[in-house]
Amino acid sequence: MARASESIHGIWATRLTFILAATGSAVGLGNIWKFPYIAGENGGGAFVLVYLACIALVGVPIMMAEVMLGRRGRQSPINAMRDLAAEAGAHRLWGLLGWVGAVAGFLILSYYSVIAGWALEYIFLMGNGTFTGAEGDLAGATFKDMTGDPGQLVFWHTVFIFMTMFVVARGVNRGLEAAVRILMPALFILLFILVGYALSTGHFAAGLEFLFRFDTEHLSWNSLIIAMGHAFFTLSLGMGAIMMYGAYMPKTASIGATVLTVAALDTLVALVAGMAIFPIVFANGLEPGAGPGLMFVTLPLAFGNMAFGEFFGVLFFVLVTFAAWSSSISLIEPAVAWLVERFGANRMWASIVLGLLVWSLGMGTVFSFNIWSDWTLFGMTFFDTLDFLTANIMLPLGGVAIAVFVGFLMAKETVAEEIGMRSAVLAAAWKFVLRYVSPAAVMIIFFITMYNYFAG
Ligand code: TRP
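Every value quoted in this text rests on a predicted model; they were computed, and no experiment measured them. (Residues numbered from 1 in each chain as written. Predicted model: local features only at pLDDT ≥ 70, side-chain atom pairs only at ≥ 80, totals over all residues. Heavy atoms only, no water.)

Peer 1: Explanation requested: the overall build of the protein in the structure shown.
Peer 2: In terms of regular secondary structure, the protein is built from 18 helices and 0 strands. The C-alpha radius of gyration of the protein comes to 21 Å, within 12% of the 23 Å expected for a compact globule of 456 residues. Expressed along its principal axes, the backbone C-alpha trace of the protein runs to roughly 65 × 45 × 45 Å. At a minimum sequence separation of 6, the contacts of the protein that also span at least 24 residues come to 84%. On the protein, roughly 17,400 Å² of surface is accessible, and the fraction owed to carbon and sulfur atoms is 69%. Looking at charge distribution, the protein has the averaged site of its 20 positive side-chain charges lying 18 Å from that of its 25 negative ones. (Helix = DSSP H or I, 4+ residues; strand = E, 2+ residues; numbered from the N terminus. Rg over C-alpha atoms; globule rule 2.2 N^0.38 Å. Contact = heavy atoms within 4.5 Å. Areas by Shrake-Rupley, 256 points an atom, 1.4 Å probe, with all protein chains shown as cover. Lys, Arg positive; Asp, Glu negative; His and termini not counted. Charge placed at Lys NZ, Arg CZ, Asp CG, Glu CD.)

Peer 1: Hey, could you run me through the pattern of salt bridges in this one?
Peer 2: Note on pairing: side chains with opposite charge can pair once their charged atoms come close. Inspection of the entire model under this criterion finds 10 salt bridges. Two residues, K34 and D387, come together in a salt bridge whose shortest N-O distance is 2.9 Å. You can see K34 sitting in helix α2 (residues 29-41) and its partner D387 sitting in helix α16 (residues 382-409), a full 353 residues away along the chain. Assessed through its relative accessible area of 6%, K34 is described here as buried. (Salt bridge = Lys/Arg side-chain N within 4 Å of Asp/Glu carboxyl O. Buried < 20%, exposed > 50% of the residue type's maximum accessible area, 1.4 Å probe, protein only.)

Peer 1: So what exactly am I meant to see when it comes to the site of the ligand here?
Peer 2: Looking at the ligand, there are 17 residues lining it, with G30, Y112, F233, S236 and S330 nearest. Within the backbone of L29, a nitrogen or oxygen atom sits 3.1 Å from an oxygen atom of the ligand. For the ligand, a nitrogen atom lies 3.0 Å from a polar atom in the side chain of S330. With the chains in place, 100% of the 360 Å² that the ligand exposes on its own is no longer accessible. (Near = heavy atom within 4 Å. Polar contact = N/O pair within 3.5 Å; in protein donor to acceptor, adjacent residues only side chain to side chain.)

Peer 1: What is the right way to read the nonpolar core from this model?
Peer 2: The tendency in soluble globular proteins is for nonpolar side chains to be buried side by side. Counting 166 residues, the largest nonpolar core has L69, F296, F316, I332 and V406 as the members making the most contacts within it. Among the elements that make up this core, the one with the highest residue count is helix α5 (residues 96-127) (19 residues). Discounting chain neighbours no more than four positions away, the residues touching F296 are W33, I115, W118, A119, Y122, F143 and F317. (Core = buried A, V, L, I, M, F, W, Y, C linked by side-chain atoms within 4.5 Å.)

Peer 1: I'm lost on helix α10 (residues 221-234) in this one. Help?
Peer 2: Every α-helix winds through 3.6 residues per turn, so residues three or four apart in the chain are directed the same way. With 14 residues, α10 extends 20 Å between its outermost C-alpha atoms, agreeing within 8% with the 20 Å of an ideal straight helix rising 1.5 Å per residue. The buried count for α10 comes to 12 of 14 residues, which makes it a mostly enclosed element. Residues of α10 that are buried include every one of S223, L224, I225, I226, A227, M228, G229, H230, A231, F232, F233 and T234, and no others. Of the residues one or two after α10, S236 is the one with positive phi, at around 60 degrees. (Expected span 1.5 Å × (residues − 1).)

Peer 1: It is not clear to me how the packing of aromatic side chains should be interpreted in this structure. Could you clarify?
Peer 2: Given two aromatic rings, one states the distance between the centres and the angle between the planes to describe the pair. Throughout the structure, instances matching the rule amount to 31 aromatic pairs. Positioned above the aromatic ring of F233 is the side chain of K34, whose terminal nitrogen or guanidinium carbon lies 4.2 Å from the ring centre. (Phe/Tyr/Trp six-rings, centres within 6.5 Å; stacked < 30°, edge-to-face > 60°. Lys NZ or Arg CZ within 6 Å of the ring centre and 35° of its normal.)

Peer 1: Would you take a moment to explain the environment of S330 for this structure?
Peer 2: Along the chain, S330 falls in helix α14 (residues 309-343). Remark: the alpha-carbon pair of S330 and N305, spanning 25 residues in sequence, is separated by 36 Å. Setting aside its immediate chain neighbours within four residues, S330 contacts S25, A241 and Y245. A polar atom in the side chain of S330 sits 2.7 Å from the backbone oxygen of S327.

Peer 1: What is the right way to read the environment of R74 from this model?
Peer 2: With respect to the element layout, R74 can be found in the loop between α3 (45-73) and α4 (77-88). You can call R74 buried: its relative accessible area is 4%. Placed 175 residues apart in sequence, R74 and M249 show a C-alpha to C-alpha distance of 8.8 Å. Reaching out from R74, the side chain makes a polar contact with the backbone oxygen of A247 at a distance of 2.7 Å. From its side chain, R74 meets the backbone oxygen of M249 in a polar contact 2.7 Å long.

Peer 1: What should I look at first to understand a nonpolar patch on the surface in this one?
Peer 2: Nonpolar side chains collect at one region of the surface, where L93, L96, W99 and V100 lie side by side and expose about 380 Å² of accessible area between them. Assignment of secondary structure puts V100 in helix α5. (Patch = residues over 30% accessible without salt bridge, like charges linked within 9 Å, V, L, I, M, F, W, Y side chains within 5 Å.)

Peer 1: Is there a simple way to think about the side chain of H157 in this case?
Peer 2: Locating H157 in the fold gives a position in helix α7 (residues 150-169). Not counting the four nearest positions on each side in its chain, H157 is found in contact with S110, S113, V114, G117, V358, W359, G362 and M363.

Peer 1: Got a minute to help me understand unusual backbone geometry in this structure?
Peer 2: Only a minority of non-glycine residues have a phi that is not negative, and only a minority of peptide bonds are not trans. The phi dihedral of R74 falls on the positive side, at around 55 degrees, and the residue is not glycine. At F308, a position not held by glycine, the phi torsion is positive, near 60 degrees. With respect to the secondary-structure elements, F308 resides in the loop between α13 (294-304) and α14. The class of F308 is exposed, set by a relative accessible area of 65%.

Peer 1: Explain the confidence of the model for the protein here, please?
Peer 2: Any residue range with low pLDDT should be treated as having predicted coordinates unsuitable for detailed reading. Counting all residues, the mean pLDDT for the protein is 91, and 98% of those residues have values of 70 or more. Mean pLDDT across the elements of the protein bottoms out in helix α9 (residues 204-212) (83) and peaks in α7 (98). (pLDDT = per-residue confidence, 0-100.)

Peer 1: What exactly am I supposed to notice about the packing of α3 against α16 here?
Peer 2: In a packed pair of helices, the relevant descriptors are the angle between the two axes and the axis-to-axis distance. Taken N-terminus to C-terminus, the directions of α3 and α16 make an angle of 70 degrees; their axes are 9 Å apart at the nearest point. Between α3 and α16, the interaxial angle falls into the category roughly perpendicular. By crossing handedness, the relation of α3 to α16 is classed as left-handed. In contact with I62, A65, E66, M68 and L69 of α3, α16 contributes G399, I402, A403, F405 and V406. Split into classes, the residues belonging to the contact of α3 with α16 amount to 8 nonpolar, 1 polar and 1 charged. (Axes fitted to C-alpha atoms, helices over the stretch in contact; angles between N-to-C directions. Parallel < 35°, antiparallel > 145°, perpendicular 65-115°, else oblique. Left-handed = near helix turned anticlockwise from the far one by under 90°. Nonpolar A, V, L, I, M, F, W, Y, C, P; charged D, E, K, R; others polar.)

Right under this line is the structure:
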């Protein structure tokens, strides 16, 4: 098979653009909203440690494999996996991996957009002084009012889907690349300002202790799958987003070094977000295990009672929105690219069609906070079910499939050539971890959890 040196959709201008785009995909609601609340619910310290181990032993090796597949395939994951399976002489069913990934991305975006919509609404709520001088339960009541009102949720969900599809419709260079070049530097500047602000408010030590103290009391078997699932979610692994971004990566960039950079930045942002949020939680005598509302209840209350709180509160939710925006585009880009490849559709139409579909599915999440909140499966609402199904089942299994495909089925020479590592020792270590350690870790955690969940 002749190897394309570019995808038909374009290519990142430089190696740095790949880093910006992949970091943009990785750093998102997962880091700022989800990580602090799941760390809170699972007791902090020990959970953080398990999560860091998952990033290092499972996340990084699989991310390298995913980028490699993308750059080798130079197409949407659906077509890339079909061709790469043929090239490797593997069974045609491996091509399904691209499909499962596209569906996972679609499902994730449907709820991701609803949550990102909350952040959008909070920019305005912070700005108009809703929380200024707020006492007691005003913040909790405001959050309940918002999630209880489908109209408000639908409105902001619609705005966010529109923002996402607007960027994707403009294509790789004029859309995705242009967006991350503005959003990512802005995000890092905002984060820097906010950490300085958090430091200036005191209570930093209590937050640090919560994040890094080794407390196994709240760590359950279920915590393990949550930590593992989150490692996949936060690095955007297991559904082809990183594969797609790899397809736009210049041939000359080193996969190992860029992936390490992206994973390190992503981890840093999650920890820093925790360091900014927990001190505030403790300073106000609030509970770290508050769940999805953690960022939307405790923080606004705190901002409302601090000097310049309105201003920094607005900055904070702008930051969250930017982070979510540069991630959401990577959730749908694989499906858009596939429509363009398969039907020669123009990007604009592909984006509109998919945007409408994701938007409709998002209604399930919207309603699970109000009119469908009693409708549960194994104690989970529609939103919880989607979250669990994608993050804790589809992504880890997709990741294992990627590891097995690259580790065992692709020709050794192809893998070595594409990964292009200068050190033979490092290359061998990566291959070993990818073949044995990562899949085993995922599968063991996976089966223990499933057993506990459904049989225990
Ligand atoms: N990583 C992003 C976050 O932490 C979410 C995300 C973007 C994602 N693209 C993805 C998750 C692909 C899984 C797969 O918010």
